[in-house]
Structure formats: C-alpha cells, structure tokens
Amino acid sequence: MKIILAEEIGFCYGVKRAYENAVLYSEKNNIYIYGELVHNSDVIMKLEEDGIKMFTDIDNLPEDSKESTVIIRAHGISFNEEKILRENFSEVVDMTCPIVKNVIKIARELQDKGYFLVIYGDVQHPEMRGLKGNTDEKMLIITKEPQIIFHQKVAVMSQTTVAEKKFEDFSDKLIEINKFSDIIIKNTICKETVKREKEAVKIASVSDSVIVMGGKNSSNTKKLFEISKKINKNTFYIVSPDETENFNIKGETIGIITGASTPSWDIKKLLANLDKSNFS
C-alpha cells in the first residue's frame, strides 16, 4: 500500500499559533477560551485536559472571570464581545488569526471609502460573525447566493476558508445581475487554503481512495472533501483517525488530506492505523 500525504497538512499557521499559545497559558490557573479555539473536537479535548475551560455565552461569564485569563479564538470575535471580555477578565489574550484580522482591516478601509461590502461566506460562521461585529453592519451583506444589490459602489470580499472557484463564480454572477458604477473584487481567501485545494485536486486524481480528516464544523475541511469527492468517488470524510474502520477504503494508493485544524497526533494515529490495515 502506498500513502500519498499532502504537503500542506495539519495545523495552518493561524491555528498552530493559537494552539501553541493556549498550551503555554495552560500553565497558569483559571484559563478560559471564549468559544472553540479552532474547529476540531480532538484539539478542544486536549486543551480541556490541560486545564483550559471553555464558555460560549457572552452573557453568562464564568464566576471567577475577574481572576482569570481568557483567550480569544482563532476565528475572531466582535468588537462588543471583546469589550465585554476586557471589562470582565484580568487578562485577554487575542489569538485571532492574523489573516482574519487583515480581512477586517481591509473591510473597514473599503467601508471608509464608501464601498458597500458583499461578503461571500457563511453568515453563521464565527469568522463572519466577527467580521460583521467589527464593521458597519448596515454597509455589508454576507451571502453565498448572488442577488440584486441596491448600491452602486460595491466591494466583493470572501470568507478566508471558502473555495476559490466558488468565489470566482459568485463574483461573476453578482456582476452579471447588477449594474454597478464602481466595483472592486477583493479575494481575501487564505492562500494556504488555496494551496490545499490544489493539492486535493492532485491527490484525488492519482489515488485509489482519499481520506479527508478534520473537524465536523470545519469549513475548510468540508471544502476539501467536496473538491476531492468530485474527482474521486472513493473519498471519505473522517473526524477521528479511528473512523477508517467504518469505511470500505480500497486500493493500493491512499491519499490523505486534512483540514487546517487537524492536529499532528491525529495524523500520526491515522498513519499507524492504515499501516495495520489490509486493503484490497
């Protein structure tokens, strides 16, 4: 059996930065994370084992918040949420991905120039909620469906983890159905996720079966699965390395792709499990 392992695999820069800093802070007492640091249950479980607690309700803060440190997740949060955290915790550690922060910066600059923003993304995704909460909400829309926009000066941007081709198709259709006097297309997709997309295409094309591993709520993992599945019908989406036993993975060549929040220990375990298995 031959294993083809993606070059861009495991934690991306932003997730690695957030996780490693969270581990460093775990040596302190009373450490919290507001929301999931990243979209991977194994990573969250490991942080909890290290003594880091998580809460998700900004209106129901931990009773010991005044004596505690809180970490802001990699996806970022709204301005008002951050204000509440800074007023109620002794220390706030901002682990928002620098790329996400840059998208917020670009969005603000475009709005300051009078542009209405059309963001291609999932309105319920934490990154998009954070973006909305750091800009003028009346001057943007977050959608995955091209629609009529009642503004003439428009800038089109994207969630950092969406598929590049889908963003391009969305932008083309948006321009087709509207008559903008001033239009800017700003591709704000993370370049590392684009590299993973290209690798997914390559690996799916030369493998008998493909395993895509990542969190069930991970936007970028779902995207990689969809890309691979279109090319290779024997593509399997797993959250845990132990899930391979639930699928009929066949062939001499097995490709492995992961989302940007998949930890190295899960990859090592997956490789060990495959090594013990027999494929036909």
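Structure first, text after, so check above.
Caption draft 1: Here's a closer look at a positive patch on the surface. On the surface, Lys113, Lys153, Lys186 and Lys191 cluster together into a positively charged patch. By the element assignment, Lys113 lies in the loop between helix 4 (98-112) and strand 6 (116-120).

Caption draft 2: Looking closely at the packing of aromatic side chains. In total, this model carries nine aromatic pairs according to the counting rule given. Between Tyr32 and Phe55, the ring centres sit 6.1 Å apart and the planes meet at 75 degrees, which makes this aromatic pair edge-to-face. Of the two residues, Tyr32 is situated in strand 2 (residues 31-34) and Phe55 in strand 3 (residues 53-55); the sequence distance between them amounts to 23 residues. On the basis of an interplanar angle of 40 degrees and a centroid distance of 4.8 Å, the ring pair of Tyr120 and Phe170 is categorised as tilted. Within this pair, whereas Tyr120 is found in strand 6, its partner Phe170 is found in helix 6 (residues 164-177), the two being separated by 50 residues in sequence. Taken together through their ring pairs, the aromatic side chains of Tyr32, Tyr34, Phe55 and Phe89 make up a single cluster. For Arg73, the ring lying beneath its charged end belongs to Tyr34, and the centroid distance is 5.4 Å. Of note, Lys153 hangs over the ring of Tyr115, and the distance from its end group to the ring centre comes to 4.7 Å.

Caption draft 3: Main features of the pattern of salt bridges. Under the defined criterion, the tally for this structure stands at 13 salt bridges. With its nearest N and O atoms 3.1 Å apart, the salt bridge here joins Lys166 to Glu226. Of this pair, Lys166 sits in helix 6 while Glu226 sits in helix 8 (residues 219-231); the two residues are 60 residues apart in sequence, bridging distant segments of the chain. For Lys166, a relative accessible area of 40% translates into the label partly exposed. Residue class for Glu226 comes out partly exposed when judged on its relative accessible area of 38%. Taking the shortest distance from any N to any O, the salt bridge between Lys223 and Glu197 comes out at 3.3 Å. With Lys223 in helix 8 and Glu197 in helix 7 (residues 191-206), this residue pair connects regions lying 26 residues apart in the sequence.

Caption draft 4: Representation of the environment of Gly35 in the model. By secondary structure assignment, the location of Gly35 is in the loop between strand 2 and helix 2 (41-49). The exposure class assigned to Gly35 is buried, which follows from its relative accessible area of 4%. Residues Gly35 and Thr56, 21 residues apart in the sequence, show an inter-C-alpha distance of 4.7 Å. In contact with Gly35, other than residues within four places in its own chain, are Met54, Phe55, Thr56 and Arg73.

Caption draft 5: Just the sheet that holds strand 5 (residues 91-94), in detail. The sheet built from four strands is open, its strands ordered 3-2-4-5 with parallel pairing. The open sheet has two edge strands with one neighbour each: strand 3 and strand 5. Taken pair by pair, the neighbouring strands of this sheet meet at an average axis angle of 30 degrees, ignoring direction. Sheet topology places strand 2 next to strand 4 (residues 69-72); four bridges connect them, and they run parallel. Residue pairing across strands places Tyr34 opposite Ile72, the latter belonging to strand 4. On top of the sheet, helix 3 (residues 79-88) reaches strand 2, strand 3, strand 4 and strand 5; it is set at about 165 degrees to strand 4, its chief contact.

Caption draft 6: Highlighting the environment of Lys166. For the pair Lys166 and Tyr237, spaced 71 residues apart in sequence, the C-alpha to C-alpha distance is 20 Å. Not counting the four nearest positions on each side in its chain, Lys166 is found in contact with Tyr120 and Glu226.

Caption draft 7: Expanded view of empty space enclosed by the protein. Throughout the structure, instances matching the rule amount to two cavities of 30 Å³ or more. Each pocket or cavity is described by its volume, and for the largest cavity that value is around 260 Å³. Lining of the largest cavity is provided by 23 residues; of these, Cys12, Val15, His75, Thr161 and Asn220 occupy positions nearest its centre. A per-element tally of the lining of the largest cavity places helix 7 first, with three residues. The volume enclosed by the second largest cavity comes to roughly 30 Å³. If you go around the second largest cavity, the residues you meet are Ile33, Ile44, Leu47, Glu48, Ile52, Lys53 and Met54. Those elements giving two or more residues to the lining of the second largest cavity turn out to be helix 2 and strand 3. The greatest single-element share of the lining of the second largest cavity, amounting to three residues, is contributed by helix 2. Taken together, the residues of the lining of the second largest cavity break down into five nonpolar, no polar and two charged.

About the cut-offs
Residues numbered from 1 in each chain as written. Predicted model: local features only at pLDDT ≥ 70, side-chain atom pairs only at ≥ 80, totals over all residues. Heavy atoms only, no water. Patch = residues over 30% accessible without salt bridge, like charges linked within 9 Å, V, L, I, M, F, W, Y side chains within 5 Å. Areas by Shrake-Rupley, 256 points an atom, 1.4 Å probe, with all protein chains shown as cover. Salt bridge = Lys/Arg side-chain N within 4 Å of Asp/Glu carboxyl O. Lys, Arg positive; Asp, Glu negative; His and termini not counted. Charge placed at Lys NZ, Arg CZ, Asp CG, Glu CD. Helix = DSSP H or I, 4+ residues; strand = E, 2+ residues; numbered from the N terminus. Phe/Tyr/Trp six-rings, centres within 6.5 Å; stacked < 30°, edge-to-face > 60°. Lys NZ or Arg CZ within 6 Å of the ring centre and 35° of its normal. Buried < 20%, exposed > 50% of the residue type's maximum accessible area, 1.4 Å probe, protein only. Contact = heavy atoms within 4.5 Å. Pairing = 2+ DSSP bridges. Axes fitted to C-alpha atoms, helices over the stretch in contact; angles between N-to-C directions. 1 Å grid on protein atoms, 1.4 Å probe; cavity = no way out; pocket = protein on both sides within 12 Å on 5 of 7 lines; lining within 4 Å. Points joined across faces, edges and corners; volume = space filled by probe spheres on them. Nonpolar A, V, L, I, M, F, W, Y, C, P; charged D, E, K, R; others polar.

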